[in-house]
Amino acid sequence: MRKATVIIEDASHPLHHHFSLLPSGRRYRVLLHVLFEHASGYALFAVKEVEEIGMLLPQVEESVLSLAKFNTIVSLAAFFPFKSAQAALENMNAISEGLVHADLKLFLETNLSRSGKKKPVLGVSDAKIGAALQEELGLSLQTGGVVAEILRGIRLHFHSLVKGLTALAASKAQLGLGHSYSRAKVKFNVNRADNMIIQSIALLDQLDKDINTFSMRVREWYGYHFPELIKIVPDNSTYCRLAQLIGNRKELSEESLESLEEVVMDGAKAQAILEASRQSMGMDISPIDLINIERFSSRVVSLAEYRLELQEYLRSKMGQVAPNLAALIGEVVGARLISHAGSLTNLAKYPASTVQILGAEKALFRALKTRGNTPKYGLIFHSTFIGRAAAKNKGRISRYLANKCTIASRIDCFSEVPTSVFGDKLREQVEERLSFYETGDMPRKNVDVMKEAVQEAGEAAAEIKRKLEKKEKKRKKKEKKLLELQENGTNGEAEHENGESEPVAKKKKRQSEVPPDEATEDNEAPETPAKKKKKRKSESAAEPEQTEEQTEETPAKKKKKRQEAVEGDAEQAPEAPPTSEKKKKKKKKEAEPE
């Protein structure tokens, strides 16, 4: 008995146009293809058993788990392996950004036949890349539904569907590509400079909390011994320095008054501390307890010093990343805005109304829930402008300041050369608006201020570029000099190694050819006093018989003796050159006949 063929009659069904059947039940051709992106390459699968796909999804899910059943549904139409890991990374970056790579375009144009009345339908996993393919190639696309289930099965059985690919090789390709992709994302992260600011401001807030907690602990601990010091010195870091300096209050005297003045920076306070130490009602404390208090207070002092260094680092970093925002609202408040937004790019995307209440989200949602008054300001409340404004003008100035902060952040985000010119001009505008609310003086127009700012920014940018070019030239000159020195050093060492033995032999030959009289005259001129002393000693120790025998000896024997003499002289006086012994012997020859 012949089985009935399931035909989808519903025109709205996603698979209605993907196939057509003859009256006998045979198919014309496969019109549904599924694109699968793998770490090893692109794969194009043709959907064979359309009748099975046209059924309910739970049955398709069951068939996906079994490889034998899944093979009846899907077959591999084409496979394009990546040539290298770099090519795989480029294709992956293009897909993640929603772009059509040249390899993918060529692969689809080659393997998707467009002949016939009906265009082939391509199933893809991501709607973003699907839209790009539709725009680039003019294909009809399908995402989700049955395509998602088929892609799930392909992902599960991919190594079995592609010949020559094992599960181990597929997992290795995925792991390598995953590492490369993550490394590239971290390396070329556009927010990598913002991350330093975010971490710095978070650490600064944490240090403030920790220093405050630790200082209170030092106050409480040292207060048992010297309770009067808390009222005289209210500052935490100064109190910790004094606790470290004073130690036992009974040991304070007039001699320690100068050191107290250095810490407190006030002579009257130092005198008050000295008097309070003499009349203190605190308990006596053991030396070991004092040692622990001093060690803990030294830690708190070092933390306070590090906090100042970190604040200076944050100031310099904000000057590099967001100079206009820092000039307008301050380094700390600007860093808090960047941290709260996630990056400078995100902050630049926010409208002024969002920047105004950034940091006051809880108050905003509470006001919306209770239908109360919404907050007028968030993090920008910590700027000096809102504190200086009158109560009735705080909302106005916060709205105006948020507008200027948005402009400054956008300039910082998208300008090529960072300058603080626009930030200074925007700050002047806020100052003028603040004085306008107080006195009624009309501020300058925004167009005039921006014209001045653009002109000054152009000049400042040209100056910065000129300085950068000078620095680059200096750096290149230094690199050239270092390379030349390295090359000269290596060449000199090679020449020294090759020619070390040759000059000695040549000198010996020349000395043997030159008559003794001339050799002694030539050698006497450049002699130093140290060499003369050695010669005198050798003359007193030498015997006339040896000199007579040396004059009669052949040049070969002379060379041997000279070598022996050089070795002996090197053992006794290694700093003397090997030719000194020859000069001694020749001088002996000259002196003996006389």
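Residues numbered from 1 in each chain as written. Predicted model: local features only at pLDDT ≥ 70, side-chain atom pairs only at ≥ 80, totals over all residues. Heavy atoms only, no water.

(A) Spatial organisation of the overall build of the chain. A count of helical and extended segments in the chain gives 29 helices and 5 strands. Put simply, the chain has 594 residues, and 36% of those count as buried. Nonlocal contacts in the chain, meaning residues at least 24 apart in sequence, comprise 65% of its contacts between residues at least 6 apart. Surface exposure of the chain reaches about 36,400 Å², of which carbon and sulfur atoms provide 53%. (Helix = DSSP H or I, 4+ residues; strand = E, 2+ residues; numbered from the N terminus. Buried < 20%, exposed > 50% of the residue type's maximum accessible area, 1.4 Å probe, protein only. Contact = heavy atoms within 4.5 Å. Areas by Shrake-Rupley, 256 points an atom, 1.4 Å probe, with all protein chains shown as cover.)

(B) Fine view of the side chain of D412. Examined against the element boundaries, D412 turns out to sit in helix 21 (residues 394-414). For the buried D412, which has no salt bridge, the nearest side chain bearing the opposite charge is R410, at an N-O separation of 11 Å. Side chain to side chain, D412 and N324 meet in a polar contact 2.7 Å long. Once you skip the residues sitting within four places of it in the chain, D412 turns out to touch V321, A322, P323, N324, L325 and L344. (Lys, Arg positive; Asp, Glu negative; His and termini not counted. Salt bridge = Lys/Arg side-chain N within 4 Å of Asp/Glu carboxyl O. Polar contact = N/O pair within 3.5 Å; in protein donor to acceptor, adjacent residues only side chain to side chain.)

(C) Structural view of unusual backbone geometry. We note that M265 has phi near 60 degrees; this positive angle belongs to a residue other than glycine. Relative to the assigned elements, M265 resides in the loop between helix 12 (257-264) and helix 13 (267-278). A positive phi angle is found at R371, which is not glycine, with a value near 60 degrees.

(D) Examining the sheet that holds strand 2 (residues 41-47) more closely. Taken together, the 5 strands give an open sheet; going across it, the order is 3-2-1-4-5, and neighbouring strands pair in mixed fashion. Only two strands of the sheet have a single neighbouring strand rather than two, namely strand 3 (74-81) and strand 5 (140-142). Within the sheet, the average angular offset between the axes of one strand and its neighbour, ignoring direction, is 30 degrees. Lying over the sheet, helix 5 (residues 102-111) contacts strand 1 (32-38), strand 2, strand 3 and strand 4 (121-123), oriented at roughly 30 degrees with respect to strand 2. (Pairing = 2+ DSSP bridges. Axes fitted to C-alpha atoms, helices over the stretch in contact; angles between N-to-C directions.)

(E) Fine view of the environment of V162. Within the secondary structure, V162 sits in the loop between helix 7 (146-161) and helix 8 (167-187). V162 gets classed as buried once you look at its relative accessible area, which sits at 5%. With 84 residues separating them along the chain, V162 and A78 place their C-alpha atoms 9.5 Å apart.

(F) Inspection of helix 7 at higher detail. Compared with the 22 Å implied by 1.5 Å per residue over 16 residues, the 19 Å span of helix 7 between its first and last C-alpha is markedly short. A maximum bend of about 50 degrees is found in helix 7 at R155. Taken together, the buried positions of helix 7 are V146, V147, E149, I150, L151, G153, I154, H157, F158 and L161. (Expected span 1.5 Å × (residues − 1). Bend = angle between axes of the 7 residues up to and from the residue.)

(G) Structural context of the nonpolar core. By size, the foremost hydrophobic cluster in this structure holds 40 residues, and its most contacted members are M318, L325, L328, I329, I338, L347 and L401. Excluding anything up to four places from it in sequence, L401 contacts L328, I329, I380, S383, F385, I386 and V430. (Core = buried A, V, L, I, M, F, W, Y, C linked by side-chain atoms within 4.5 Å.)

(H) Seen up close, the confidence of the model for the chain. For the chain, per-residue confidence averages 78 on the pLDDT scale, and 73% of positions sit at 70 or higher. Below pLDDT 50 for its whole length, residues 539-559 participates in 13 contacts with residues either more than four positions away or in separate chains. (pLDDT = per-residue confidence, 0-100.)

(I) Fine view of the pattern of salt bridges. In the structure shown here, the tally under the stated rule is 17 salt bridges. Note that R388 is salt-bridged to E431, the shortest N-O span being 2.7 Å. Residue R388 is located in helix 20 (residues 384-388), and its partner E431 is located in helix 22 (residues 421-439); the two are separated by 43 residues in the primary sequence. Under the relative-accessibility criterion, E431 is labelled partly exposed at 28%. The residue R444 makes a salt bridge to E428 at a minimum N-O spacing of 3.1 Å. In this pair, R444 is assigned in the loop between helix 22 and helix 23 (446-499) and E428 in helix 22, connecting sequence segments 16 residues apart. R444 sits in the partly exposed class, given a relative accessible area of 33%. Beyond isolated ion pairs, a larger network of salt bridges with shared partners links K425, E428, E432, R444, E452 and E456.

(J) Layout of the packing of helix 21 against helix 22. Remark: helix 21 packs on helix 22, axes separated minimally by 10 Å, with the N-to-C direction vectors making an angle of 170 degrees. Overall, the two elements helix 21 and helix 22 adopt an arrangement that is roughly antiparallel. Along the contact surface, helix 21 presents R396, I397, Y400, L401, K404, I407, A408 and I411, while helix 22 presents F422, L426, Q429, V430, R433, L434 and Y437. (Parallel < 35°, antiparallel > 145°, perpendicular 65-115°, else oblique.)

(K) Looking closely at the packing of aromatic side chains. Enumeration over the complete set of coordinates arrives at 12 aromatic pairs. Between F36 and F158, the ring centres sit 5.1 Å apart and the planes meet at 45 degrees, which makes this aromatic pair tilted. One end of the pair, F36, is in strand 1; the other, F158, is in helix 7, and 122 residues separate them in sequence. Here F36 matches F158 in class, with each residue buried. Ring geometry for Y42 against F82: centres 5.2 Å apart, planes inclined by 75 degrees, an arrangement best described as edge-to-face. With a gap of 40 residues between them, Y42 in strand 2 and F82 in the loop between strand 3 and helix 4 (85-96) connect regions that are remote in the sequence. As far as burial versus exposure is concerned, Y42 and F82 are alike and both buried. A connected cluster of aromatic rings, assembled from ring pairs, spans F36, F45, F79 and F158. (Phe/Tyr/Trp six-rings, centres within 6.5 Å; stacked < 30°, edge-to-face > 60°.)

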